[in-house]
Amino acid sequence: IAVASGVIGRYFTMIFGSRLLLGCHDGGGGSVNDMQMTGERRSNVMDNSPSGSYIGRNFTRRLVMKQPELGRKVSELRKAKGLTQEELVEKCNISVRTLQRIEIGEVTPRIYTIKTILAALDYDLTKGSENDDDEAASPWRTIRRHLLLEGADAMSPDFVNRQLTIAWISGILFFMLGFFEGAAENFRFKENTLVFSEPFYVVLKISVLITFVLFQRGFVILGGVFGNYLLRIASFVLIFGEVVTVGYDIASVFYAPAERGFILGAEAFTYGGILIVYGIALRRLQKGVGSVAGYAGLFEIIAGSFFLTIVLAFIGFFVLMPAELLEIIILYKGIDIIRSRQGANSGVSAPASDQSAARALE
């Protein structure tokens, strides 16, 4: 309870204490609005879609410099590579005039344009930041990032996509391992015996735990990307609950717990409540990833309701099967959405007509 309360407190602090920084961009007519944030741009960041200006913005801001230092750096790197401005723009898909204005410090491009230019020049953003920001390269920051204790705005898009890929693959493995785990637990409960050997059972439970944690990490990330902090909290609580449950199951192999039936009933009731909250959180993703999130959330709520009854908890396990499959689809779809937004935000500001079309598409 203490650990769960600490996690919840941590993320409520993140909710109310974080700042969403908007990237500056060329307005198309040559004027640059460094400080102004219009209501339109604010709504773009705060809605439930992972806009490219939000995902990884703070990460990139820590790694790149401001004008005119940025322009001088681009010019130095381009000349060191022996490239003309015309040759560089062919790799970046921007105009020569835009590159010229960047190099002389006249305009600050969008973040993804900066990343594209520096990538074309083979400039390692992470390596470049090590000399300027020791904290960003510290082992503690790396640990925090992989434990997802930083918001999605502090993660690079590549890191997010990579972790989501690991998550949906882990989800498939978790789903498959569930059949073996279900058979083992059914025999333990009804026959009070192990259908597998003790070493195999322990390895099975540890494998289930690892795949489940990696699977749920994907929803912790999606919760941050879409601003769904209820999903982040519920996912962390599920991970914590799974660690405790698997630890108890493994320990109970080596000693006979006196009240195993009572403990299993308490587990079912607790999971029932968590799954209902988790289902509600998933349904909030509908605006971002579509109706598949709504159906997955509905199955989770139904399964949680069965778990709450304790005596009908076994039905809940069957209801969870389609929910898990839909959740794998959500993670896979999330990768496509984020990549499409990266592409949509990879250039400098488009003309007004193009921006209107993009907003309509969003």
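This section reports on the structure supplied with the text. Treat the numbers as computed from the prediction; the structure is a model and nothing was measured.

Conventions we followed
Residues numbered from 1 in each chain as written. Predicted model: local features only at pLDDT ≥ 70, side-chain atom pairs only at ≥ 80, totals over all residues. Heavy atoms only, no water. Axes fitted to C-alpha atoms, helices over the stretch in contact; angles between N-to-C directions. Helix = DSSP H or I, 4+ residues; strand = E, 2+ residues; numbered from the N terminus. Parallel < 35°, antiparallel > 145°, perpendicular 65-115°, else oblique. Left-handed = near helix turned anticlockwise from the far one by under 90°. Contact = heavy atoms within 4.5 Å. Nonpolar A, V, L, I, M, F, W, Y, C, P; charged D, E, K, R; others polar. Salt bridge = Lys/Arg side-chain N within 4 Å of Asp/Glu carboxyl O. Patch = residues over 30% accessible without salt bridge, like charges linked within 9 Å, V, L, I, M, F, W, Y side chains within 5 Å. Areas by Shrake-Rupley, 256 points an atom, 1.4 Å probe, with all protein chains shown as cover. Phe/Tyr/Trp six-rings, centres within 6.5 Å; stacked < 30°, edge-to-face > 60°. Core = buried A, V, L, I, M, F, W, Y, C linked by side-chain atoms within 4.5 Å. Buried < 20%, exposed > 50% of the residue type's maximum accessible area, 1.4 Å probe, protein only. Polar contact = N/O pair within 3.5 Å; in protein donor to acceptor, adjacent residues only side chain to side chain.

## Here's the deal with the packing of helix α12 (residues 229-254) against helix α13 (residues 260-283)
- The contact between α12 and α13 brings their axes to 9 Å, and the two run at 160°. Taken together, the axes of α12 and α13 lie roughly antiparallel to each other. Read as a crossing pair, α12 and α13 show a hand that is left-handed. In this structure, α12 uses Leu230, Leu231, Ala234, Ser235, Val237, Leu238, Gly241, Glu242, Thr245, Tyr248, Asp249 and Ser252 to contact α13, whose residues at the interface are Arg260, Ile263, Glu267, Tyr271, Ile274, Leu275, Val277, Tyr278, Ile280, Ala281 and Leu282.
- Partitioned by chemical class, the residues of the contact of α12 with α13 number 15 nonpolar, 4 polar and 4 charged.

## Points about the environment of leucine 264
- For leucine 264, the position within the fold is in helix α13.
- As a C-alpha pair, leucine 264 and isoleucine 310 span 46 residues in sequence and 8.9 Å in three-dimensional space.

## Quick look at the pattern of salt bridges
- Tallied over the full model, the rule gives 8 salt bridges.
- One salt bridge connects lysine 81 with aspartate 122, and the closest N-O pair in it is separated by 2.7 Å. In this pair, lysine 81 is assigned in the loop between α4 (69-80) and α5 (85-92) and aspartate 122 in the loop between α7 (111-120) and α8 (125-130), connecting sequence segments 41 residues apart.
- One salt bridge connects arginine 97 with glutamate 106, and the closest N-O pair in it is separated by 3.9 Å.
- Counted as one network, the salt bridges with shared partners bring together Glu181, Glu185, Lys205 and Asp249.

## Brief notes about a nonpolar patch on the surface
- A cluster of nonpolar residues, Phe269, Leu308, Ile310, Val311, Leu312, Phe314, Phe317 and Phe318, forms a patch on the protein surface that exposes about 810 Å² of accessible area.
- Of the residues forming the nonpolar patch, the biggest block, 3 residues, is contributed by helix α16 (residues 313-344).
- Looking at the secondary structure, you find phenylalanine 317 in helix α16.

## Overview of the packing of aromatic side chains
- For the structure shown, the criterion picks out 8 aromatic pairs.
- Taking 6.2 Å as the distance between ring centres and 80° as the angle between the ring planes, the aromatic pair formed by phenylalanine 219 and tyrosine 278 counts as edge-to-face. With phenylalanine 219 in helix α11 (residues 198-225) and tyrosine 278 in helix α13, the pair connects residues that are 59 residues apart, well separated along the chain.
- Consider the rings of phenylalanine 307 and phenylalanine 317, whose centres lie 5.0 Å apart with planes at 80°: the pair is edge-to-face. Separated by 10 residues along the polypeptide, phenylalanine 307 in helix α15 (residues 291-309) and phenylalanine 317 in helix α16 bring together distant segments of the chain.
- In textbook terms, an aromatic cluster arises when at least three aromatic residues are bridged by ring pairs, as seen for Phe174, Phe212, Phe215, Phe219 and Tyr278.

## Thoughts on the packing of α4 against helix α6 (residues 96-103)
- Where α4 meets α6, the closest approach of the two axes is 7 Å, and the angle between their N-to-C directions is 115°. In this structure, α4 contributes Gly71, Arg72, Val74, Ser75 and Arg78 to the contact, and α6 contributes Leu99, Ile102 and Glu103.
- Classifying every residue of the contact of α4 with α6 by side-chain character gives 3 nonpolar, 2 polar and 3 charged.

## Topic: the nonpolar core
- By size, the foremost hydrophobic cluster in this structure holds 45 residues, and its most contacted members are Leu164, Phe219, Leu282, Leu285, Val289 and Ile330.
- A per-element tally of this core places α16 first, with 10 residues.
- If we ignore the near neighbours within four places in the chain, the residues touching valine 289 are Phe226, Ile330, Lys333 and Ile337.
- Of all hydrophobic cores here, the second largest spans 16 residues; its members include Leu83, Leu88, Ile102 and Ile117.

## Considerations on the side chain of serine 235
- Turning to its location among the elements, serine 235 is positioned in helix α12.
- The exposure class assigned to serine 235 is buried, which follows from its relative accessible area of 0%.
- Separated by 2.8 Å, the side chain of serine 235 and the backbone oxygen of leucine 231 make a polar contact.
- Beyond its immediate chain neighbours, meaning those up to four positions away, serine 235 contacts Gln216, Phe219, Val220 and Tyr278.

## Quick word on the environment of lysine 73
- Looking at the element boundaries, lysine 73 is found in helix α4.
- Relative accessible area serves as the criterion here: at 23%, lysine 73 is assigned to the partly exposed category.

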